[in-house]
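# Structural description and commentary
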Number of protein chains: 2
Amino acid sequence: MNAQRLHGALAPVVTPYTADLAPDAGRLVAHCRWLVANDTGLAVFGTTSEGNSLSVPEKIALLDALFDAGLPASRMMPGTGCCALTDTVALTRHAVQHGCGGVLMLPPFYYKGVSDDGLFASYSEVIERVGDARLRVYLYHIPQVSQVPISFALIERLLDRYPGTVAGIKDSGGNFDNMRGMMERFAARGFDVFSGSELFLLATLRGGGAGTISAICNVSPATIARLAREWRNADADAQQKAIDRVRGVLSAYPMVPALKVIVAQFTGDDAWARVRPPLVALAAEQSREIGEKLRAIEFAMPGLAHTGTAPIAA
Amino acid sequence: MNAQRLHGALAPVVTPYTADLAPDAGRLVAHCRWLVANDTGLAVFGTTSEGNSLSVPEKIALLDALFDAGLPASRMMPGTGCCALTDTVALTRHAVQHGCGGVLMLPPFYYKGVSDDGLFASYSEVIERVGDARLRVYLYHIPQVSQVPISFALIERLLDRYPGTVAGIKDSGGNFDNMRGMMERFAARGFDVFSGSELFLLATLRGGGAGTISAICNVSPATIARLAREWRNADADAQQKAIDRVRGVLSAYPMVPALKVIVAQFTGDDAWARVRPPLVALAAEQSREIGEKLRAIEFAMPGLAHTGTAPIAA
């Protein structure tokens with residue numbers, strides 16, 4: 001794997017909001033600094049980021065805030081795939097021009113049952129219009145949400161036409177057989193598979209994949225990034241098992257608001273708990289429960305700045 | 001029904017593109033003029049319009065072109081529901097400030113399995129932020145595409161909180177029982193049900209609904225609008241039956257490219273056949289087939305200007 005390429009742990013960074021539900025660049029920068037300090041890349045504007053709940057101008061402004069703050073663009077993989085071709089092009093172009101290591105590109109997801117010809121044309125138009133040799137496109141397979149799966153046949157066509165540019169995939173489908181199949185078939189062509197859940201991190205790396213882009217990286221970046229570095233070590237299975245306990249707690253709750261509650265508790269900053277509709281913040285009782293369950297597994301977020309007025313939860 | 005309110009036939013107007021797939025305002029204006037001349041309202045930016053394949057700035061520019069051309073805003077119901085709250089607010093505000101008779105509002109459609117609380121918050125935030133007494137929101141129920149259905153319980157809550165503003169629904173689910181249920185339960189509260197298919201036009205009007213917003217209105221506006229005016233006449237069932245023959249032909253093809261091929265054939269203007277990815281234009285053989293089948297049922301588009309260089313198909 002090229003050292004320049006994105007790999008290891010990336011967080012689909014949760015997006016903080018001000019009281020009027022505007023994106024909060026200051027809090028986002030702070031969280032991104034902590035993630036990068038913990039060797040975790042920045043897959044901003046993913047599903048966990050409520051990326052599609054943000055407008056294109058909002059996303060461009062947030063990206064600019066990250067660049068201006070000196071965060072490393074080489075470790076960024078912003079989500080840029082929108083329903084409208086022109087939106088996807090605008091966002092992708094902005095990311096590439098500022099040196100982002102890659103972009104995570106959903107297929108256009110409004111129409112369902114679209115053909116591989118239509119999806120190939122969608123990706124092709126974006127790649128041609130951006131027209132930049134630095135572009136690295138990571139396809140985004142998350143059929144349970146997008147309802148528009150990425151088939152092996154489509155990957156094959158894209159790799160044939162855009163080798164080097166079509167750089168990999170995030171597979172959030174939850175079926176490791178699909179990930180294994182892609183690694184066996186496409187890894188040798190420089191196609192990097194990222195598992196969409198940290199539960200598959202070790203299996204993905206052992207199978208020749210590149211890492212994980214997982215919601216849980218927002219709260220456990222160091223332990224996940226460590227396994228991504230040390231997966232050949234003798235204690236790798238034990239590390240994976242320790243990581244898995246966090247999702248064990250969170251799987252009982254809606255993921256995005258639950259993660260935000262954890263960041264709110266460990267920063268002492270209640271503002272972090274806000275979500276944009278159609279998502280709904282957790283009830284106070286659920287937040288309390290999560291805090292208790294995390295204490296029971298001795299969960300911590302070392303190095304996270306306590307920026308709020310509330311007491312630290314753990 | 002208030003005479004000021006949108007009713008009868010509305011077309012989710014197909015969107016023409018230039019050779020580089022930019023929206024073509026000139027051709028759109030021409031088609032809208034013909035639709036209005038045939039007593040058909042303008043539900044631009046619907047599913048049939050590839051509305052979600054256009055960016056917000058593209059949609060605002062197209063709306064402005066329609067206003068500037070003197071087309072009646074009172075007969076417009078642009079689709080304004082996007083995934084991002086701020087996009088929906090911007091588009092809705094623009095439509096209302098220019099006097100649009102209503103807006104057709106998809107729920108945010110990226111996340112699936114969202115709660116009625118989240119959808120209520122979504123619609124509520126938009127209505128509060130636009131904050132204009134002229135706003136008329138038509139909900140958009142098209143679960144087979146959006147995968148985010150509009151429940152009766154949600155309608156009830158919205159009508160309780162925003163009577164007058166929440167003005168109706170387009171039901172494209174294809175299940176007349178659902179439409180009948182909404183008419184029985186909500187019509188008396190000024191909630192206007194539009195069927196998403198012209199196949200249900202007569203049944204909808206007999207059940208107390210307001211009309212239809214249907215793809216086929218793009219090519220058969222006059223006959224559909226006539227039935228919407230004359231549904232109490234003795235020949236109403238015969239009119240419905242005659243209308244149904246067009247969908248009988250088109251149902252064998254992907255709807256959007258098929259409609260565009262028909263407009264291309266009857267204007268003699270091949271540019272109309274273009275679609276944006278992820279949709280795919282019809283093959284020449286399919287276009288020819290459609291032309292033949294339409295001739296067999298003596299289909300015509302009277303009054304449509306022949307603007308192209310190709311011969312008129314019919």
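What you see as residue numbers is a count from 1 along each chain, following the sequence as written. The lettering of chains begins at A and the numbering of ligands begins at 1, in the order of writing. Note on the predicted model: pLDDT of at least 70 is required for a residue's local features to be given, and 80 or more for side-chain atom pairs to be given and counted; whole-chain, interface and lining totals, by contrast, use all residues. To obtain the side-chain values, all non-hydrogen atoms of the structure were included, while hydrogens and water were left out.

Once that is clear, we can look at the sheet that holds strand E6 (residues 192-195) of chain A. Residue and element names in this part refer to chain A. Here, strands pair whenever DSSP counts at least two bridges between them. Put simply, DSSP H or I for four residues or longer makes a helix, DSSP E for two residues or longer makes a strand, and each gets a number counted from the N terminus. The strand order across the open sheet formed by seven strands is E2-E1-E7-E6-E5-E4-E3, and the pairing between neighbours is parallel. Single-partner strands in this sheet number two, and they are strand E2 (41-42) and strand E3 (103-105). By the bridge criterion, three bridges tie E3 to strand E4 (residues 137-141) in an arrangement that is parallel. Its bridge partner being in E4, Leu104 is matched across the sheet by Tyr138.

Relative to the elements of secondary structure, A:Gly181 occurs in helix H7 (residues 176-186). Note: C-alpha distance between A:Gly181 and A:Phe45 (136 residues apart in sequence) is 27 Å.

Let us look at the confidence of the model for chain A. Averaged over all residues, the pLDDT of chain A equals 96, while 97% of them reach at least 70. Model confidence for the complex is summarised by a pTM of 0.97, with the ipTM given as 0.97. Per-residue confidence from the predictor is reported as pLDDT, which spans 0 to 100.

Residues and elements named next belong to chain A. Relative to the helices and strands, Asp24 resides in the loop between strand E1 (8-11) and helix H1 (25-37). Taking the relative accessible area as the measure of exposure, Asp24 reaches 9% and is therefore buried. The sequence separation of Asp24 and Trp272 amounts to 248 residues, and the corresponding C-alpha distance is 9.6 Å. Note on contacts: a residue pair is in contact if any heavy atoms of the two residues lie within 4.5 Å. Asp24 has contacts with Pro16, Tyr17 and Thr18, leaving out every residue within four places of it along the chain. A 3.5 Å cut-off defines polar contacts: any pair of N or O atoms within that distance qualifies, except that in protein one atom must be a possible hydrogen donor and the other a possible acceptor, and neighbouring residues in sequence count only when both atoms are side-chain atoms. Within the structure, Asp24 has its side chain in polar contact with the backbone nitrogen of Gly26 (distance 3.3 Å). Classification of residues uses two cut-offs on accessible area relative to the type maximum, computed with a 1.4 Å probe and protein chains only: under 20% is buried, over 50% is exposed, and between them is partly exposed.

On to the relation of the copies chain A and chain B, then. Least-squares superposition of the copies uses the C-alpha atoms of those residues scoring a pLDDT of at least 70 in each of them. Least-squares fitting of chain A to chain B yields an RMSD of 0.0 Å, with the superposition described by an axial translation of 0.0 Å and a rotation of 180°. On this basis, the relationship between the two copies can be described by a two-fold rotation axis. A shared interface surface links the copies, since 100% of the contact residues of chain A are contact residues in chain B too.

This next bit is on unusual backbone geometry. The residue after A:Pro277, namely A:Pro278, is reached through a cis peptide bond having omega 15°. Within the secondary structure, A:Pro278 is located in the loop between helix H11 (255-267) and helix H12 (284-296). Phi is positive for B:Glu298, close to 55°, though the residue is something other than glycine. Along the chain, the position of B:Glu298 falls in the segment after helix H12 (284-296).

Between 30 and 60 degrees the pair is tilted, below 30 it is stacked and above 60 it is edge-to-face, where a pair is any two Phe, Tyr or Trp rings, Trp via its six-membered ring, whose centres lie within 6.5 Å. Within this structure, the stated rule accounts for 15 aromatic pairs over all chains. When the centroid spacing of 5.9 Å and the interplanar angle of 70° are considered together, the rings of A:Phe152 and A:Phe186 count as edge-to-face. Of this pair, A:Phe152 sits in helix H6 (residues 152-161) while A:Phe186 sits in helix H7, and the two are 34 residues apart along the sequence. Ring centres of B:Phe176 and B:Phe200 lie 5.7 Å apart, and the angle between their planes is 20°; on these two criteria the pair is classed as stacked. Taken together, the residues B:Phe176 in helix H7 (residues 176-186) and B:Phe200 in the loop between strand E6 (192-195) and helix H8 (201-206) connect sequence positions 24 residues apart.

All names here are of chain B. Burial of strand E4 (residues 137-141) is extensive: five of the five residues sit out of reach of the surface. Residues Val137, Leu139 and His141 of E4 are buried on one face, and the alternating residues Tyr138 and Tyr140, pointing to the opposite face, are buried as well. Remark: the strand E3 (residues 103-105)/helix H4 (residues 116-130)/E4 crossover connection has right-handed handedness. For E4 and strand E5 (residues 166-171), the ladder comprises five bridges, and the chain directions are parallel. Bridge pairing in E5 links Tyr138 to Gly168. Crossover handedness is defined by viewing with both strands directed away from the observer: a clockwise path from the first strand over the helix to the second marks the crossover as right-handed.

With that settled, consider the interface of chain A and chain B. At the interface, 42 residues of chain A touch 42 residues of chain B. Two parts placed together each lose some accessible area; with a 1.4 Å probe, that loss summed over both constitutes the buried area. Here chain A meets chain B over a buried area of about 3,100 Å², counting both sides, of which 64% is carbon and sulfur. Of all residues in chain A, A:Tyr110, A:Tyr111 and A:Pro278 bury the most surface against chain B, accounting for 25% of the area lost on that side. Counted as salt bridges are all cases of a side-chain nitrogen of Lys or Arg within 4 Å of a carboxyl oxygen of Asp or Glu. Our count for the chain A to chain B interface comes out at zero salt bridges. The tally of links between chain A and chain B comes to 16 residue pairs in polar contact (both at pLDDT 80 or more).

Let us now look at helix H1 (residues 25-37) of chain B. Residues and elements named next belong to chain B. In this scheme, a helix's expected span is set at 1.5 Å multiplied by one less than its residue total. The terminal C-alpha atoms of H1, which comprises 13 residues, lie 18 Å apart, in line with the 18 Å expected from a rise of 1.5 Å per residue. Those residues of H1 lying buried are Leu28, Val29, His31, Cys32, Trp34 and Leu35. Residues of H1 that are buried make contact with strand E1 (8-11), strand E2 (41-42), helix H2 (56-68), helix H9 (221-230) and helix H11 (255-267). Capping the start of H1, Asp24 holds a side-chain oxygen 3.3 Å from the backbone nitrogen of Gly26, two or three residues further along.

Let us look at the pattern of salt bridges. Across all of its chains, the model carries 40 salt bridges over all chains by this definition. Between B:Asp237 and B:Arg206 there is a salt bridge; the shortest N-O distance is 3.0 Å. Of this pair, B:Asp237 sits in helix H10 (residues 236-250) while B:Arg206 sits in helix H8, and the two are 31 residues apart along the sequence. Judged by relative accessible area, B:Asp237 falls into the partly exposed class, the value being 46%. Owing to a relative accessible area of 46%, B:Arg206 belongs among the partly exposed residues under this scheme. When salt bridges with common partners are traced through the structure, they connect A:Glu156, A:Asp160, A:Arg185 and A:Arg189 into a single cluster.

Residue and element names in this part refer to chain A. Interaxial angle, 0 to 180 degrees, is taken between N-to-C directions of lines fitted to C-alpha atoms, where a helix line uses only the stretch in contact. Axis separation between H11 and H12 bottoms out at 10 Å; the angle between their running directions is 70°. Between H11 and H12, the angle is such that the two are roughly perpendicular. Residues Ala258, Val261, Ile262, Gln265 and Phe266 of H11 lie in contact with H12, whose contacting residues are Ser287, Arg288, Ile290, Gly291 and Leu294. Split by residue class, the contact of H11 with H12 holds six nonpolar, three polar and one charged. Put simply, angles under 35 degrees are roughly parallel, angles over 145 are roughly antiparallel, angles from 65 to 115 are roughly perpendicular, and the rest are oblique. Gly falls in the polar group here, along with every residue not listed as nonpolar (Ala, Val, Leu, Ile, Met, Phe, Trp, Tyr, Cys, Pro) or charged (Asp, Glu, Lys, Arg).

Attention now moves to helix H10 (residues 236-250) of chain A. With 15 residues, H10(A) should cover 21 Å at 1.5 Å per step; its first-to-last C-alpha distance of 22 Å lies within 8% of that length. Along H10(A), the residues that are buried comprise A:Ala236, A:Gln239, A:Gln240, A:Ile243, A:Val246, A:Arg247, A:Val249 and A:Leu250.

Residue and element names in this part refer to chain B. Reading across from one edge, E2-E1-E7-E6-E5-E4-E3 is the order of the seven strands in this open sheet, with parallel pairing throughout. On the outer flanks of this sheet lie E2 and E3, each paired with one strand and no other. Bridge count for E1 against strand E7 (residues 211-213) is three bridges, and the pairing is parallel. Of the residues in E7, the one forming a bridge with Leu10 is Ile213.

For the rest of this paragraph, the subject is the pairing of E1(B). For E1(B) and E2(B), the ladder comprises two bridges, and the chain directions are parallel. From the neighbouring strand, B:Ala11 faces E2(B), where its bridge partner is B:Leu42.

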